[in-house]
Amino acid sequence: MQEQKSPKKNPVWSFFSSVRLTLVLLIIIALAAVVGTVIPQQEAANESLQKLPPALAGIVRALQVTDLYRSPWFLLLMGLLTANLVVCSLNRLPVSLRLYRRKPEPDRAGLYEDLPPERVFAAQGSVEDAAARMEQVLKKSHGSVERKQDGETVWLSAHRGAWSYFGVYVIHAGVLVIILGAVIGSILGFDGHVNIPEGGSADGIELRGGKGEMKLGFDVRCDDFNVEFYDSGMPKLYRSDLSFLKGGEIRARGVLMVNHPLEFEGIRFYQSTYGQIPGEAVLSIEGKGQRAVKRARQGERFAIDGGKAHVEILRIEGNLMRMGPAVKIGITAGDRALSFWVFKFIDAIEEQNPGITSQVPQFNAGLYKPYRFGLEGIETSFYTGLKVNRDPGVPVVGAGASLLVAGFLLTFFSSHRQVFVRVDRRHGKARLSVAGRCNRDAVKLDREIGQIVRLYRGETA
Amino acid sequence: MNTKMLGWATVIYLLAMAFYLIRLLRDDEYWGKLATGTAFVGLALHTIGIVVRWWESYRLGIGHAPLANFYESMIFFSWAIMLLYLVTEWRIKNRVIGPFVTPVAFLSMAYASLSPDEATRIQPLIPALQSNWLTSHVVTCFMGYGAFTIAFGLGVLFFARRFVSGSGNPGKGGGHFPDEGTIEELIYHSTIMGFIFLSLGIITGSVWANFAWGAYWSWDPKETWSLITWLIYAALLHARLVRGWRGKRVAIMAIAGFASVLFTYLGVNYLDSLHSYLL
């Protein structure tokens, strides 16, 4: 298209209609993408930036290379490529349309010169008979046939695959539709993460890139989480059993596994990570000649002393100040309120620090008399880490990818192949000459012409 | 069992490579026929080796296509190269690319055979790989890599021919080498094949990622590098089709593109990637 004269002399138009620009942009985008794979991106970048001298970190921040693929200058490059793609395609389209609409010229000079001998042959009957028969053959193989007559000579032409001129536009349209889908996704979609402890539920997610929280409009409950391992220690299965609730009512349940996302109200959930968190604390409560065992999570409350006092689990620590598992509880009884830590290994702690419980009231598990608290243990439980998103651009991107593949097939596996036949009189007999022309794939054209010749001769034989 | 067969295939490829080289140096089609026959036997054994490995994985109760770790990927890479090479040889009726392509297939096999025992054992699939998209994604990607390897071999051949003929004169010299126009045409065809396969590889990967990671595109280093490779070959195709680049420039781009392919395949393992289970 570089030689082609654009009807629009607009300088902006001619800038964007240059394929040299395309090449430059493709290479610059490739180089920029390389930079993005070498420099840590997003969350990982902050860590690395802290290790750099402040001045250098400032420069790195100013260049916006730590979130390169979302930086304005990278998006600008993509925008330029898009404009270039659109303008180049529009510029080129009339040429292809002309090729597509071009009238076949079966009587063009020189077309039937230097034909191999098997493509020029005599036939029985008149020129008219031979032409009619050939027309039938061509109709059978190519569908429609054009006919032209001048005096006693008849020209026939048929063609196939004229659509192949448009393959390149289908490819470009595919790329544009993919870009459109990405834009739709980034504007209308969202993307976040939520950790839900086993048995717990969540009604919101944390958006990616520190964009705050978002309410889902429903609750997601993790009824169960399972992780299985092979004998070698490699993970075999991550599985979360989820329930989706609205107004406390279960609306849907499902099993979430890696590669098997779940969808509820247009929002998709993916099994992303998992981890362990301190779960229920198992407390023993002794006093008034009784011993009770209570299980409670952080934030849960229960009554003791016949309802005169309430215990709340304020904190659960797997290993507090290297003294082992500990739970901080708060007790309210009437207008009296106090709080203290309950250690699992209180006996050993007292042995090493004699008198600690009397010196530090916070560590005295017998502060609410006459009751005495003990910590039997903390049951660790799993949490499941879910990736949560909605991307209305996905079907658009999918359509773009399909166009891309269709365009490849049209461009690289189809060709416009024209067949021309001249029927004239030579030495008193009808003579047929078969020629062809194609934009690519000459081998296929040769095969087709051979087929037509065989078909014609087979029928007349 | 399967590793033994694959080991033999490696040795046979070394022989084929040697025969192709002898054919080139002595310009004797006897060695050429021997080379093709040897390569064919190697590919047959290689294919059986892969099928047996597949079958053995089912016998172990962890059945999956042998495309799940770095070792298996190198075996398949080599297989794709040899298959595409022999098809190309048969289509162009010329064995001159052989000495430039078979070494890559041999090296990939040889490097795979150096893997620790643990890697060569058939492993069950981790959750992320338990997907029907595994096979189509890996097959399309590596067929693409294979086609680009052929284009690379042709690029090297292009310069080897110039070196042998002693000048940049495209018309004369080069003896039994095909002429520059033919080599360049073949580079173009291999690149188209690679480009289509790579596109399919990226598309199948995106579909899979949309199920597994919840995003069809995450700018993961391997994704990004596959895009870089795609952009380089897109530039090659546009430069040739629209800007009329021919000969040397196309050969250089085919070689540069292959460097990007290698980095997409191997180099990315040194970057922090979601694809790191291929290490």
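Everything quoted here is computed from the prediction, not taken from an experiment.

## Looking at the nonpolar core
Point 1. Judged by nonpolar contacts, the single largest core of 94 residues is most densely connected at Ile75(B), Ala80(B), Ile81(B), Leu154(B) and Ala254(B).
Point 2. In this structure, Ile75(B) is in contact with Leu6(B), Ile50(B), Met109(B) and Ala112(B), ignoring residues within four places of it in sequence.
Point 3. Formed by 23 residues, the second largest nonpolar core is a distinct cluster that contains Met134(A), Trp155(A), Cys438(A) and Leu445(A).

## Remarks on the interface of chain B and chain A
Point 1. In this complex, chain B contributes 31 residues to the contact, which on the side of chain A involves 34 residues.
Point 2. Taken together, the elements giving at least two residues each to the side of chain B that touches chain A come down to helix H7 (180-212) and helix H8 (221-241) of chain B.
Point 3. For the side of chain B that touches chain A, the element with the most residues is H8(B), which contributes eleven residues.
Point 4. Counted by class, the side of chain B that touches chain A contains 23 nonpolar, seven polar and one charged residues.

## Thoughts on the environment of Glu265(A)
Point 1. Here Glu265(A) shows up in the loop between strand S9 (262-264) and strand S10 (267-287).
Point 2. In this structure the C-alpha to C-alpha distance between Glu265(A) and Phe218(A), which are 47 residues apart in sequence, comes to 9.2 Å.

## Considerations on the environment of Phe412(A)
Point 1. Following the sequence through the fold, Phe412(A) ends up in helix H10 (residues 394-413).
Point 2. Between the C-alpha atoms of Phe412(A) and Tyr270(A), which are 142 residues apart in sequence, the distance is 38 Å.
Point 3. With residues near it in sequence (within four places) discarded, Phe412(A) still touches Ile192(B) and Ile196(B).

## Quick notes on helix H2 (residues 29-59) of chain B
Each full turn of the α-helix corresponds to 3.6 residues, which orients residues three or four apart in the same direction.
All names here are of chain B.
Point 1. Taking 1.5 Å per residue, 31 residues should reach 45 Å; H2 reaches 44 Å between its end C-alpha atoms and fits that length.
Point 2. Taken residue by residue, H2 has Gly32, Ala35, Thr36, Thr38, Ala39, Gly42, Leu43, His46, Gly49, Ile50, Arg53 and Ser57 as its buried positions.
Point 3. If you follow the buried residues of H2, they end up packed against helix H1 (2-26), helix H3 (70-92) and helix H4 (98-113).
Point 4. Following H2 by one or two positions, Gly61 adopts a phi angle in the positive range, close to 80°.

## Some thoughts on the confidence of the model for chain B
Residue and element names in this part refer to chain B.
Point 1. Taken residue by residue, chain B gives an average pLDDT of 88. The fraction at 70 or more is 93%.
Point 2. Note that residues 168-175 has pLDDT below 50 and, in this model, 13 contacts with residues that lie over four places away or in other chains.
Point 3. Here the complex is predicted with pTM 0.83, and the ipTM for its interfaces comes to 0.88.

## A look at the confidence of the model for chain A
If pLDDT is low for a region, its predicted coordinates should not be looked at in detail.
All names here are of chain A.
Point 1. Residues with a pLDDT of 70 or more make up 97% of chain A, whose mean pLDDT is 87.
Point 2. Mean pLDDT values for the elements of chain A range from 74 in helix H3 (residues 43-51) up to 94 in S9.
Point 3. Below pLDDT 50 for its whole length, residues 1-6 participates in twelve contacts with residues either more than four positions away or in separate chains.

## Looking at the domain arrangement of chain B
All names here are of chain B.
Point 1. Looking at the assigned domains, one finds that chain B contains domain 1 (1-125) and domain 2 (129-279).
Point 2. A separation of 20 Å is found between the C-alpha centroids of domain 1 and domain 2.
Point 3. With 22 residues of domain 1 at the contact, the number on the domain 2 side is 23 residues.
Point 4. Those elements giving two or more residues to the side of domain 1 that touches domain 2 turn out to be H3 and H4.
Point 5. The greatest single-element share of the side of domain 1 that touches domain 2, amounting to ten residues, is contributed by H3.
Point 6. When grouped by side-chain class, the residues that make up the side of domain 1 that touches domain 2 number 17 nonpolar, four polar and one charged.

Thresholds applied
Residues numbered from 1 in each chain as written. Chains lettered and ligands numbered in written order. Predicted model: local features only at pLDDT ≥ 70, side-chain atom pairs only at ≥ 80, totals over all residues. Core = buried A, V, L, I, M, F, W, Y, C linked by C-beta atoms within 7 Å. Buried ≥ 20, exposed ≤ 12 C-beta atoms within 10 Å, placed from the backbone. Contact = placed C-beta atoms within 7 Å. Helix = DSSP H or I, 4+ residues; strand = E, 2+ residues; numbered from the N terminus. Nonpolar A, V, L, I, M, F, W, Y, C, P; charged D, E, K, R; others polar. Expected span 1.5 Å × (residues − 1). pLDDT = per-residue confidence, 0-100. Domains from an automatic or database assignment.

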